[in-house]
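One-letter residues, chain by chain:
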Amino acid sequence: MLYDLYDTRTGQKVGELNETGLHNCTDPGAQAVLSRIVGRDLLTRADEEAFGEVIEEGEMCYLDQVSVTPSHPDYLAVLVRQLPILTHYEARPSIGMLS
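Here's what I pulled together on the structure shown here.

Cut-offs applied
Residues numbered from 1 in each chain as written. Predicted model: local features only at pLDDT ≥ 70, side-chain atom pairs only at ≥ 80, totals over all residues. Heavy atoms only, no water. Helix = DSSP H or I, 4+ residues; strand = E, 2+ residues; numbered from the N terminus. Buried < 20%, exposed > 50% of the residue type's maximum accessible area, 1.4 Å probe, protein only. Contact = heavy atoms within 4.5 Å. Areas by Shrake-Rupley, 256 points an atom, 1.4 Å probe, with all protein chains shown as cover. Patch = residues over 30% accessible without salt bridge, like charges linked within 9 Å, V, L, I, M, F, W, Y side chains within 5 Å. Salt bridge = Lys/Arg side-chain N within 4 Å of Asp/Glu carboxyl O. Lys, Arg positive; Asp, Glu negative; His and termini not counted. Charge placed at Lys NZ, Arg CZ, Asp CG, Glu CD. Phe/Tyr/Trp six-rings, centres within 6.5 Å; stacked < 30°, edge-to-face > 60°. Lys NZ or Arg CZ within 6 Å of the ring centre and 35° of its normal.

## A few points about the overall build of the chain
Okay, step 1: Along the chain, the regular secondary structure elements total two helices and six strands.
Okay, step 2: Secondary structure elements in the chain, listed N-terminal to C-terminal, are β-β-β-α-β-β-α-β.
Okay, step 3: The burial tally for the chain puts 37% of its 99 residues in the buried class.
Okay, step 4: Restricting the contact set of the chain to residue pairs at least 6 apart, pairs at least 24 apart contribute 53%.
Okay, step 5: Here the chain has roughly 6100 Å² of accessible surface; of this, 51% comes from carbon and sulfur atoms.

Right under this line is the structure:
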């Protein structure tokens, strides 16, 4: 699935995201921020209903938590869910094709 990435402060599109990573991100600031997040392991709840939620720093006991690696089949879904919490960018399903 392809997602368009938007800066939540300006509403402008800054790039695209799919299973292979970040694409067409020409803004150096957005590129720097997103490159630190995209491709790194994400920590989430192991509970099926809360899977994908961000784990806050104060909750680092690791009980009922799972690390989702980039090779995990649900990685992109977890990343899309966590991205606006971890950064000021959000991913929206794209209606176009990856160029």
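Moving on, there is more to tell.
## Quick look at a negative patch on the surface
Okay, step 1: Taken together, the side chains of Asp47, Glu48, Glu49 and Asp64 present a region of like negative charge at the surface.
Okay, step 2: In this structure, Asp47 sits in the loop between strand S4 (42-45) and strand S5 (65-68).

## What about the packing of aromatic side chains?
Okay, step 1: All chains considered together, the criterion is met by zero aromatic pairs.
Okay, step 2: Taking NZ or CZ as reference, Arg92 lies 3.9 Å from the ring centre of Tyr6, over its face.

## Some points on the side chain of Gln82
Okay, step 1: Within the fold, Gln82 resides in helix H2 (residues 75-86).
Okay, step 2: Setting aside its immediate chain neighbours within four residues, Gln82 contacts Leu42, Leu43, Thr44, Gly52, Glu53 and Val54.

## Notes on the environment of Asp64
Okay, step 1: For Asp64, the location among the structural elements is in the loop between S4 and S5.
Okay, step 2: Sequence separation of Asp64 and Thr44 is 20 residues, and the distance between their C-alpha atoms is 8.7 Å.
Okay, step 3: Once residues within four sequence positions are removed from consideration, Asp64 is found in contact with Thr44, Arg45 and Ala46.

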